[in-house]
Structures are given as C-alpha cells and as structure tokens.
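Coordinate analysis (summary)
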Amino acid sequence: MSKAIDKINSTAVPLDQENVDTDQIIPARFLKATSRDGFGENLFRDWRYNSDGSPKKDFILNNPVYQGKILVAGANFGCGSSREHAAWAIKDAGFDVVVSSFFADIFKNNALNNFLLPVTVSEAFLQKIFTAIQKDPATVINVDLATQTISLPADNDRDKPGRSAETFDINNYKKTCLLNGYDDIDYLLSIRGDIEKFELSHL
C-alpha cells in the first residue's frame with residue numbers, strides 16, 4: 001500500500017479541545033510494543049473508554065456520525081512528551097491528516113516522519129472548520145499537499161461565494177517525501193544518480 005499523500009478529500013472528526021498532549025493521545029502504559037501496528041485501538045484510550053472497557057458515549061471518536069481521514073483539533077495539539085507513538089496511534093486509527101492552529105514541534109516532526117500530514121491553519125479558519133462540521137458532519141474537507149491548500153465547501157453566504165480556503169506551510173523536503181511516499185532512505189535512493197555524479201566530479 002502506498003504511503004504517499006497528495007490530495008485528501010474526506011469528512012472529518014472534530015476534537016474541539018486545546019492542549020491535547022501525547023499522553024492523552026496514547027497513554028504511557030501502551031508504549032511497550034515496538035511495532036507500529038495496533039496502536040490505533042488505544043488512541044485516546046482514557047477518553048474513549050471506561051475502566052471496564054466500555055465506550056464512553058459522549059466522546060467524539062465513539063460517535064458514528066463523525067468519520068473520515070481527517071482529525072480536526074484545537075490549538076497546541078501534541079504537546080507534552082516526545083513519544084513517536086502518538087503519531088503511530090493516529091495514523092493506525094485511519095487518519096492521514098491532522099488540522100490544528102498550532103502543533104508542538106516534536107509532534108509535528110514525528111507526524112511528518114510517519115506519513116501523517118499536520119496542517120496548520122489560522123485560529124479563525126479552524127473555528128470555521130469546526131462550525132461547518134458541526135452544522136453538517138458530511139462536510140468534505142479538501143487538502144491538497146501539492147498546492148499546500150486546505151478548503152471547505154462553498155459558503156451559503158451570498159456575499160462569500162465559492163470555497164473557503166487557506167494555504168499552509170510545510171518543509172520542502174518533507175513535502176517531497178510525502179508526495180512520493182519516501183522515508184529518508186527512499187529519498188536518498190531516489191537521488192542516487194545525482195549523488196554518484198557529484199562523487200565522480202570530485203575525484
């Protein structure tokens with residue numbers, strides 16, 4: 001299965017909460033495994049389940065109305081400890097994109113290294129996304145990595161025709177890796193010819 005990310009057109013799950021730390025994303029007691037598989041079932045474990053393992057009905061990920069490959073979260077997402085398992089858990093749960101107005105730097109880098117795209121938007125646009133999803137859970141968000149654009153469907157407001165959109169920043173190297181499904185080694189192999197030419201020119 002390709003790990004590449006280009007265009008993601010999907011409904012979204014709204015987690016309208018700020019300062020979500022990595023221990024909330026994946027509690028420390030689940031960090032013993034070394035494989036990346038299986039972490040998704042424990043994503044937000046303590047928020048999703050009661051102590052007896054039954055789902056908490058009021059938690060957003062337990063609401064079947066909200067589905068999709070995009071997780072929309074409040075500001076300062078991924079703060080706390082630097083565990084890479086947080087990105088593993090979100091990716092393993094089926095998300096390809098996380099949208100927030102601010103990401104903790106270490107989480108952002110871990111996400112990019114694990115083919116999970118963190119999209120940073122303005123606080124105003126983030127609230128617009130939350131409002132759109134709450135109004136209609138079937139709202140499709142379009143994320144285009146090539147153009148670095150995230151957009152919402154057309155507004156009903158006659159004074160604001162067309163789609164609402166913002167651009168987002170991403171490191172050019174990480175963008176290339178995501179578009180092609182490259183990890184660091186794959187990238188080096190992709191430019192092997194250029195490396196060999198450089199070496200020959202400096203003999």
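Right above here is the structure, for reference.
The paragraphs below set out a description of the structure included in this document. Since the model is a prediction, treat every value here as computed from it, not as a measurement. (Residues numbered from 1 in each chain as written. Predicted model: local features only at pLDDT ≥ 70, side-chain atom pairs only at ≥ 80, totals over all residues. Heavy atoms only, no water.)

**Let's talk about the packing of aromatic side chains**
Inspection of the entire model under this criterion finds 7 aromatic pairs. What links up through ring pairs into an aromatic cluster is the set Phe 44, Trp 47 and Phe 59. (Phe/Tyr/Trp six-rings, centres within 6.5 Å; stacked < 30°, edge-to-face > 60°.)

**Observations concerning helix 6 (residues 172–180)**
Buried within helix 6 we find Lys 174, Lys 175, Cys 177 and Leu 178. Down the axis, helix 6 shows its buried residues gathered within 165° of arc, on one side only. Where helix 6 begins, the side chain of Asn 171 points an oxygen toward the backbone nitrogen of Tyr 173, at a separation of 2.8 Å. At the C-terminal side of helix 6, Gly 181 shows a positive phi close to 70°. (Buried < 20%, exposed > 50% of the residue type's maximum accessible area, 1.4 Å probe, protein only. Helix = DSSP H or I, 4+ residues; strand = E, 2+ residues; numbered from the N terminus. Arc of directions from axis to C-beta. Polar contact = N/O pair within 3.5 Å; in protein donor to acceptor, adjacent residues only side chain to side chain.)

**Remarks on the sheet that holds strand 2 (residues 12–15)**
Overall, parallel pairing links the 4 strands, which are arranged 2-3-4-5 in an open sheet. Each edge of the open sheet is held by one strand with a lone partner, namely strand 2 and strand 5 (117–120). Pairs of neighbouring strands in the sheet enclose a mean axial angle of 20°, with direction left out of account. Here 3 bridges tie strand 3 (residues 70–73) to strand 4 (residues 97–100), and the two strands are oriented parallel to one another. What sits directly across from Ile 70, in strand 4, is Val 97. (Pairing = 2+ DSSP bridges. Axes fitted to C-alpha atoms, helices over the stretch in contact; angles between N-to-C directions.)

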